[in-house]
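Here are the chains, one letter per residue:
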There are 2 protein chains.
Amino acid sequence: MRASPAARPDAIRRHNLALVLDHIHRDGALTRAQLTQRLEVSRSTMGALVADLIELGLVEEVVPTGGSGVGRPSHVVVPHKAGPYVVAIDIDVTQVVTAAVGIGGSVLARTVVRASGEITDPVKIAKLAADLVVQVGGDSGRPGGPVGIGVSIPGTIDRANQRVAVAPNLEWRDVAFVDLLADRLPSFAKIVIGNDADLAVLAEHRRGASRQVDDMVFLLGRVGVGAGIIAGGRPLHGWDGHAGEIGHNVVDPDGPPCHCGKRGCLETYIGERALLILAGRPQPPSDAATAAVFADARRGDDEALAAVRKVADSLGRAIADLVNTLNPQLVMLGGFLSELMGIARPEIESALARFALQAPGQTVQLAHPSFGADAALFGAAEVAFAELLSDPLGATAGAAR
Amino acid sequence: MRASPAARPDAIRRHNLALVLDHIHRDGALTRAQLTQRLEVSRSTMGALVADLIELGLVEEVVPTGGSGVGRPSHVVVPHKAGPYVVAIDIDVTQVVTAAVGIGGSVLARTVVRASGEITDPVKIAKLAADLVVQVGGDSGRPGGPVGIGVSIPGTIDRANQRVAVAPNLEWRDVAFVDLLADRLPSFAKIVIGNDADLAVLAEHRRGASRQVDDMVFLLGRVGVGAGIIAGGRPLHGWDGHAGEIGHNVVDPDGPPCHCGKRGCLETYIGERALLILAGRPQPPSDAATAAVFADARRGDDEALAAVRKVADSLGRAIADLVNTLNPQLVMLGGFLSELMGIARPEIESALARFALQAPGQTVQLAHPSFGADAALFGAAEVAFAELLSDPLGATAGAAR
């Protein structure tokens, strides 16, 4: 973990400051002894690094209360309570969730705007998002604006030019959402966008319970369905950022029409609309409508339970294809698929066992997200923090602090 | 590319020797000037490194004939003509191909044993393979035995213990093929086994035309079908080595029975047996039988052409799923699928366009393997050479040379 001794002293210091801050961010609180051990540096070097980060207003040292009382209490390095924050925005078809997030992942302020119908117009969403950035920034209790803004999009991102390539369920094609949002913000902050499932798996891999898992898939089910993939410990984005779009793998070419223009896509079998239609409730998807189906299924309503089980069976088969293709150690089911697994895990596992090759099918684990419904939101916070975390000294240079 | 200056001098030298040898191996021939530029070292350092490799008997310097005659001719560093070799063995259901391969990929000797029926017994195959190792070693014209043996297997490999987990079309389950082979060899050489598609994509990525392509899939179609994946420039093996088994993704649960025990697996639609059955020739698969279908299709035979087109359509749909999931820049079609593309590329591309999401579907390129039918064989040579290439000094220490 040490910087190469051949690097210039200033570069070493910057690199090590970034490492320390990243450890604090990912763990939330660490003693100097823990940090010294992790970075394999001397205690005096670590002392200087922590002092630097304190001076930059990024971390502070606290003495935990309730210690054993024996010996000198161990100081703990934690994110500074008046430190920088980012704004994370999770845009989905049915709602927009916005949060001000501090280093370490603390949620300083959070707001949810539910769509009465379905929100789709990119300009309207950009205006709403800009207002929400200001609102959660004000509610955060932190001085100044965010140091970064991260936006989760239910669609594919053209990574080279940071545009939304296609978000079928929003009916967006080649939308310059970063520009639309930047134009409506009162002050400058770098904006980064990402695919919702990619961001969700990033958050879980960096800060969730599965941070030791190097081969995992986050299957995010909302109105649309997509997969975020970590392979060999690294995000798999594909050649130009479109990997993980398994929601548009065709299950049956004669199946139901999909927003992408094709028929019988996987998300017409395991998306929220599919659940509602199978439950005999062909209404616009919403959290309330989905929750009602789950509540009825838990009460034993035949039609609701049959719908849940049918989706679970299709889901298990879809996971089997992912398992055959990617051989992940862990598949995390997020969005409404998490609660679906809470009701119909046996049906999912039965289909997975029937359709996956034996070896990878037997070893893969299914799991709920550590961050529940907020995985994509926290992933948006991660990419918004990326610049600060990769170079705390450079990112804070010239900042009014 | 330079070793860290902080490393011990001996470690630097070993590391740089490995780098130089790897460049020679991958390119076949490079001038000292090219090597000096690639490694970013001084000319004198490169001179010493090349001298070391010459002394180890791994490379030699030659003066190319047919130069312009102006100025001093530029010496070219090439693999030593009496240097070490490996034996690569490509085991498939219909045949066993064995080759002695030198540094740089030169084939020194090669033999093909076709199965009269289908070869399946692992002990018989191990005995055959051991005999072939001796045979091609003798035919190679090189002194001594191979420095490594690489074996391509049409099945999944348990990477932790180097056993064949399952090779459905050979009907192998948990076979310790490395031990079976080692017990029958006259002298010691390290044996490494790998999945055929994994090895094929490795060969193409390391030494083929697509060495600059960091996101690619090699779809290998023989009796079985599997995918070798390079993602972000690195092989994707999955958690315990079973990634890429897309041949057992279920297309239709009511489809034809598969050797894996399930029904309707992809390889029952795009494998060699599928082609023969569709062409009305339900015989044991063999290169000759497949070649006859292709010859008839090229002549315009209706049934053969319809079979080829039907497989092409299913293949295009399968590629679409891979494209949606992995967003590769390139999909290489190997085995009999390469010739299939030669006849029915429009059908493959049409299905791909219909079934893939627009953005990744439009950008992906389809290609024939650089190494033709020998991609998996050359991949087996790569893994057999891995130890020598990663540490030429250590691997040759104590060798009788």
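Given the structure is predicted, the values throughout are model-derived calculations rather than measurements.

S.K.: Lay out the interface of chain A and chain B with the relevant residues and their values.
M.R.: Taken residue by residue, the interface counts 47 residues in chain A and 47 residues in chain B. Here chain A and chain B share an interface that buries about 3,600 Å² over both sides, 56% of which is from carbon and sulfur atoms. When the buried area of chain A at its contact with chain B is split by residue, A:Trp239, A:Thr325 and A:Leu357 rank highest and sum to 19% of it. Applying the counting rule to chain A against chain B returns zero salt bridges. Applying the counting rule to chain A against chain B returns 30 residue pairs in polar contact (both at pLDDT 80 or more). Counting residues per element, the ones that place at least two in the side of chain A that touches chain B are strand S13 (225-231), helix H10 (302-326), helix H11 (336-355) and helix H12 (358-363) of chain A. At seven residues, H10(A) tops the list of elements feeding residues into the side of chain A that touches chain B. Taken together, the residues of the side of chain A that touches chain B sort by class into 21 nonpolar, 16 polar and 10 charged.

S.K.: Now, about the sheet that holds strand S2 (residues 59-62) of chain B: what can you tell me, with residues and values included?
M.R.: All names here are of chain B. Read across the sheet, three strands follow the order S1-S3-S2 without closing on themselves; strand pairing throughout is antiparallel. At either end of the open sheet lies a strand with only one pairing partner, and these are strand S1 (30-31) and S2. Pairing of S2 with strand S3 (residues 76-79), which is carried by four bridges, proceeds in the antiparallel orientation. Bridge pairing in S3 places Glu60 opposite Val78. Of the strands in this sheet, S2 and S3 touch helix H3 (residues 43-55), which is tilted by about 115 degrees from S2.

S.K.: Quick one: what's the story with the confidence of the model for chain A, residue by residue and with numbers?
M.R.: The predicted coordinates ought not to be read in detail in places where the model reports low pLDDT. Residue and element names in this part refer to chain A. Looking at chain A as a whole, the pLDDT averages 91, with 93% of positions reaching at least 70. Of all the helices and strands in chain A, helix H14 (residues 392-396) carries the lowest mean pLDDT, 83, while strand S12 (residues 216-221) carries the highest, 98. In the predicted structure, residues 1-6 sits below a pLDDT of 50 and forms 17 contacts with residues beyond four places in sequence or in another chain. The ipTM for the predicted assembly is 0.91, set against a pTM of 0.91.

S.K.: A description of the packing of helix H9 (residues 287-299) of chain B against helix H10 (residues 302-326) of chain B should follow, citing residues and the corresponding values.
M.R.: All names here are of chain B. Between H9 and H10, the shortest axis-to-axis distance is 7 Å and the interhelical angle comes to 110 degrees. Judged by the inter-axis angle, H9 sits roughly perpendicular to H10. Counting all contacts with H9, which are made through Val293, Phe294, Asp296 and Ala297, the residues of H10 involved are Ala304, Leu305 and Val308. A breakdown of the residues in the contact of H9 with H10 according to their chemical character gives six nonpolar, no polar and one charged.

S.K.: Outline the relation of the copies chain A and chain B, supporting the account with residue identities and numerical values.
M.R.: Overlaying chain A on chain B yields an RMSD of 0.0 Å, the required transformation being a rotation through 180 degrees with an accompanying axial translation of 0.0 Å. Within this description, the copies of the chain are treated as partners about a two-fold rotation axis. Looking at chain A, 100% of its interface residues are interface residues in chain B too, so the copies touch through the same face.

S.K.: An account of the sheet that holds strand S2 (residues 59-62) of chain A is requested, with residue identities and associated values reported.
M.R.: Residue and element names in this part refer to chain A. Read from one edge of the open sheet, three strands run S1-S3-S2, paired in antiparallel fashion. Whereas interior strands pair on both sides, the edge strands pair on one side only; in this sheet they are strand S1 (30-31) and S2. Here S1 pairs with strand S3 (residues 76-79) via two bridges, running antiparallel. Paired with Leu30 across the bridge in S3 is Val77. Helix H3 (residues 43-55) rests against S2 and S3 of the sheet, and its axis sits at about 115 degrees to S2.

S.K.: I'd love a proper account of unusual backbone geometry, names of residues and values included.
M.R.: Although it is not a glycine, A:Glu171 adopts a positive phi angle of roughly 60 degrees. Its location among the elements puts A:Glu171 in the loop between strand S9 (163-167) and strand S10 (172-175). Despite not being glycine, B:Asp174 shows a phi value in the positive range, around 50 degrees. Topologically, B:Asp174 is positioned in strand S10 (residues 172-175). A relative accessible area of 47% places B:Asp174 in the partly exposed class.

S.K.: Got a sec to walk through the nonpolar core? Specific residues and values, please.
M.R.: By size, the foremost hydrophobic cluster in this structure holds 94 residues, and its most contacted members are A:Leu219, A:Ile319, A:Leu340, B:Leu219, B:Ile319 and B:Leu340. Residues contacting B:Leu340, with those up to four places away along its chain left out, are B:Leu275, B:Phe294, B:Val308, B:Val311, B:Ala312, B:Leu315, B:Arg345 and B:Ile348. Core analysis: the next-biggest nonpolar cluster, separate from the first, contains 51 residues, B:Ala200, B:Met216, B:Ala380 and B:Phe385 among them.

S.K.: Account for the environment of A:Arg345, with residues named and values stated.
M.R.: Residue and element names in this part refer to chain A. Along the chain, the position of Arg345 falls in helix H11. Here Arg345 falls in the partly exposed class, since its relative accessible area comes to 28%. Considering only alpha carbons, one finds Arg345 and Arg309, 36 residues apart in sequence, at a separation of 9.0 Å. If near-sequence neighbours (up to four positions away) are discounted, Arg345 is found in contact with Leu340, Leu366 and His368.

S.K.: Go over the packing of aromatic side chains, please, and point to the residues and values.
M.R.: Enumeration over the complete set of coordinates arrives at six aromatic pairs over all chains. When the ring of B:Phe371 is compared with that of B:Phe378, the centres are 4.9 Å apart and the planes differ by 55 degrees; the resulting orientation is tilted. For B:Phe371, a relative accessible area of 18% corresponds to the buried category. The class of B:Phe378 is buried, set by a relative accessible area of 10%. For A:Arg317, the ring lying beneath its charged end belongs to A:Phe355, and the centroid distance is 5.2 Å. Above the face of the B:Phe378 ring, B:Arg207 is positioned so that its terminal group lies 5.3 Å from the ring centre.

S.K.: So what's going on with the pattern of salt bridges? Residues and values would help.
M.R.: Evaluation of the coordinates by the stated rule reveals 45 salt bridges over all chains. A salt bridge links B:Arg222 to B:Asp90, with the nearest nitrogen and oxygen atoms 2.7 Å apart. Taken together, the residues B:Arg222 in the loop between strand S12 (216-221) and strand S13 (225-231) and B:Asp90 in strand S4 (residues 85-91) connect sequence positions 132 residues apart. Here the two residues B:Arg222 and B:Asp90 agree in accessibility, since each one is buried. Residues participating in the shared-partner salt-bridge network are A:Asp22, A:Arg206, A:Arg207 and A:Glu382.

Each value, and the rule that gives it
Residues numbered from 1 in each chain as written. Chains lettered and ligands numbered in written order. Predicted model: local features only at pLDDT ≥ 70, side-chain atom pairs only at ≥ 80, totals over all residues. Heavy atoms only, no water. Contact = heavy atoms within 4.5 Å. Buried area = accessible area lost by both parts, 1.4 Å probe. Salt bridge = Lys/Arg side-chain N within 4 Å of Asp/Glu carboxyl O. Polar contact = N/O pair within 3.5 Å; in protein donor to acceptor, adjacent residues only side chain to side chain. Helix = DSSP H or I, 4+ residues; strand = E, 2+ residues; numbered from the N terminus. Nonpolar A, V, L, I, M, F, W, Y, C, P; charged D, E, K, R; others polar. Pairing = 2+ DSSP bridges. Axes fitted to C-alpha atoms, helices over the stretch in contact; angles between N-to-C directions. pLDDT = per-residue confidence, 0-100. Parallel < 35°, antiparallel > 145°, perpendicular 65-115°, else oblique. Least-squares fit on C-alpha atoms with pLDDT ≥ 70 in both. Buried < 20%, exposed > 50% of the residue type's maximum accessible area, 1.4 Å probe, protein only. Core = buried A, V, L, I, M, F, W, Y, C linked by side-chain atoms within 4.5 Å. Phe/Tyr/Trp six-rings, centres within 6.5 Å; stacked < 30°, edge-to-face > 60°. Lys NZ or Arg CZ within 6 Å of the ring centre and 35° of its normal.

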